[in-house]
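# Observations on the three-dimensional arrangement
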Amino acid sequence: MSTGNMNLTLKVWRQKNTQTAGKFVTYKAEGISPDMSFLEMLDVVNESLTRKNDEPIYFDHDCREGICGSCSLYINGHPHGPKKAITTCQLHMRTFSDGETITIEPWRSAAFPVMKDLATDRSAFDRIQQAGGFISINTGGVPDANLIPIPKVIADEAFNSATCIGCGACVAACKNASAMLFTSAKITQLGLLPQGQPERYSRVQAMVAQMDEEGFGNCTNTGACEAECPKEITLNNIAFMNNDYFSAKLFREEQAHDHTGGE
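Under an unreviewed UniProt entry, the chain has the name Succinate dehydrogenase/fumarate reductase iron-sulfur subunit and belongs to Mucilaginibacter glaciei. We quote the UniProt Sequence similarities (unreviewed entry) comment for the chain here in full: "Belongs to the succinate dehydrogenase/fumarate reductase iron-sulfur protein family."

Laid out in structure tokens, this is it:
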């Protein structure tokens, strides 16, 4: 355990709702243990605000174990904070120095409107997955998973893509607010496995179309998404998605439409 508590200055984005303008408000965070997580520090600040009859800071959280992707805060210019490959709930206050000023913002994207303070509406991600991020084939009885032969290299790649938690850090990090890394991870996860083959080419068209409809920006391959992703999802997923998308449009569009009932 670390010794010595810290006193910090927080510049926090406060915004009543989507329709109103927001602003930064400065707060003091005093007596903060270096062993606290970042969210525990905010809990302490909120307890202090509540005692003063001030409105606490609104932020999303759930599992606090780096799994759910809810704790999406933009901290000192980085999604989830300055440390690599962790979420906000896994960020500890020993990362910061006594007396430091910490700036905390919500994700900045037109497709992620601010609901209140630091919480944004990320339901656009849900709609992208609903557009094609599923397998609808009728499998009948449940077979033993070991009966489906999948090369280990393919299984490992699919698993790596599946580790995406949909937090939106890729969108927050991208200068274009692109959702390509998220969308491609979901497409790759299913597109690599045998179960995902029947809808492979309809899936990529449907999910890319929904991504565009949600208003996310285009990818310009700067790599900021990969650098800031807490689960280290790689740009290889975007290459896989682009390959499948162009294959669908050039060679398999009729087949893809057959699966979706499109024109």
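### A short note on the overall build of the chain
Helices and strands together make up the secondary structure of the chain, namely 9 helices and 7 strands. Here the C-alpha coordinates of the chain stretch approximately 60 × 40 × 35 Å along the principal axes. Taking all 263 residues of the chain together, 45% fall into the buried category. Positive and negative charge centroids in the chain, built from 23 and 31 side chains respectively, lie 6 Å apart.

### Thoughts on the side chain of Asp-35
For Asp-35, the location among the structural elements is in the loop between strand 2 (23-32) and helix 1 (38-51). Among the residues examined, Asp-35 registers a relative accessible area of 17% and is labelled buried. Only 3.2 Å separates the side chain of Asp-35 from the side chain of Arg-94, close enough to count as a polar contact.

### Re the sheet that holds strand 1 (residues 6-14)
With mixed pairing, the 5 strands of this open sheet are ordered in space as 2-1-5-3-4. Each of the sheet's edge strands pairs with one partner strand only, and the pair in question is strand 2 and strand 4 (78-79). Of the pairings in the sheet, the one linking strand 3 (residues 74-75) to strand 5 (residues 101-105) comprises 2 bridges and is antiparallel in character. By the bridge assignment, Ile-75 is partnered in strand 5 with Ile-104. Against the sheet, helix 1 engages strand 1, strand 2, strand 3 and strand 5, with an angle of about 100° to strand 2.

### Here we look at the nonpolar core
Note on soluble globular proteins: their nonpolar side chains tend to be buried together. Among the nonpolar cores identified, the biggest contains 36 residues, and Phe-125, Ile-128, Val-171, Leu-181, Ile-187, Met-211 and Phe-216 are the most heavily contacted of them. At the level of elements, helix 2 (123-132), helix 4 (169-173), helix 5 (180-191), helix 6 (200-213) and helix 8 (236-250) are the ones that each hand at least two residues to this core. Ala-29, Leu-73, Cys-89 and Ile-102 belong to the second largest nonpolar core, which has 28 residues in total.

### Considerations on helix 5
Across its 12 residues, helix 5 extends 15 Å between first and last C-alpha, which sits within 8% of the 16 Å expected from 1.5 Å per residue. Those residues of helix 5 that sit buried are Met-180, Leu-181, Phe-182, Thr-183, Ser-184, Ala-185, Lys-186, Ile-187, Thr-188, Leu-190 and Gly-191. Contacts from the buried residues of helix 5 go to helix 2, helix 3 (152-162), helix 4, helix 6, helix 7 (224-228) and helix 8.

### Quick look at the pattern of salt bridges
Across all of its chains, the model carries 10 salt bridges by this definition. With its nearest N and O atoms 3.8 Å apart, the salt bridge here joins Asp-60 to Arg-122. Remark: Arg-122 occurs in the loop between strand 7 (119-120) and helix 2 and Asp-60 occurs in the loop between helix 1 and strand 3; sequence separation between them is 62 residues. For Arg-122, a relative accessible area of 14% gives the class buried.

### Points about helix 6
Taking 1.5 Å of rise per residue, 14 residues should cover 20 Å, and helix 6 covers 20 Å from first to last C-alpha, within 8% of that figure. Looking at helix 6, one finds that the buried residues are Arg-200, Tyr-201, Ser-202, Arg-203, Val-204, Gln-205, Met-207, Val-208, Gln-210 and Met-211. Phi turns positive one or two residues past the end of helix 6, at Gly-215, with a value near 95°.

### Comments concerning the layout of surface pockets
Taken as a whole, the largest pocket holds about 220 Å³ of empty space. Together, 13 residues line the largest pocket, and Glu-157, Ser-161, Thr-234, Asn-236 and Asn-237 are the ones closest to its centre. Counting residues per element, the ones that place at least two in the lining of the largest pocket are helix 3 and helix 8. Each residue belonging to the lining of the largest pocket can be placed in one class, and the counts come to 3 nonpolar, 7 polar and 3 charged.

### Overview of the confidence of the model for the chain
For the chain, per-residue confidence averages 92 on the pLDDT scale, and 92% of positions sit at 70 or higher. In this model residues 256-263 is a low-confidence stretch, pLDDT under 50, and it forms 9 contacts with partners more than four residues away in sequence or in other chains.

### Concerning a nonpolar patch on the surface
A surface patch of nonpolar side chains, about 410 Å² in accessible area, is lined by Phe-246, Leu-250 and Phe-251. In this fold, Phe-251 is placed in the loop between helix 8 and helix 9 (253-260). Among the residues examined, Phe-251 registers a relative accessible area of 69% and is labelled exposed.

Criteria and thresholds
Residues numbered from 1 in each chain as written. Predicted model: local features only at pLDDT ≥ 70, side-chain atom pairs only at ≥ 80, totals over all residues. Heavy atoms only, no water. UniProt positions renumbered as here; feature names shortened; annotations may be inferred. Helix = DSSP H or I, 4+ residues; strand = E, 2+ residues; numbered from the N terminus. Buried < 20%, exposed > 50% of the residue type's maximum accessible area, 1.4 Å probe, protein only. Lys, Arg positive; Asp, Glu negative; His and termini not counted. Charge placed at Lys NZ, Arg CZ, Asp CG, Glu CD. Polar contact = N/O pair within 3.5 Å; in protein donor to acceptor, adjacent residues only side chain to side chain. Pairing = 2+ DSSP bridges. Contact = heavy atoms within 4.5 Å. Axes fitted to C-alpha atoms, helices over the stretch in contact; angles between N-to-C directions. Core = buried A, V, L, I, M, F, W, Y, C linked by side-chain atoms within 4.5 Å. Expected span 1.5 Å × (residues − 1). Salt bridge = Lys/Arg side-chain N within 4 Å of Asp/Glu carboxyl O. 1 Å grid on protein atoms, 1.4 Å probe; cavity = no way out; pocket = protein on both sides within 12 Å on 5 of 7 lines; lining within 4 Å. Points joined across faces, edges and corners; volume = space filled by probe spheres on them. Nonpolar A, V, L, I, M, F, W, Y, C, P; charged D, E, K, R; others polar. pLDDT = per-residue confidence, 0-100. Patch = residues over 30% accessible without salt bridge, like charges linked within 9 Å, V, L, I, M, F, W, Y side chains within 5 Å. Areas by Shrake-Rupley, 256 points an atom, 1.4 Å probe, with all protein chains shown as cover.

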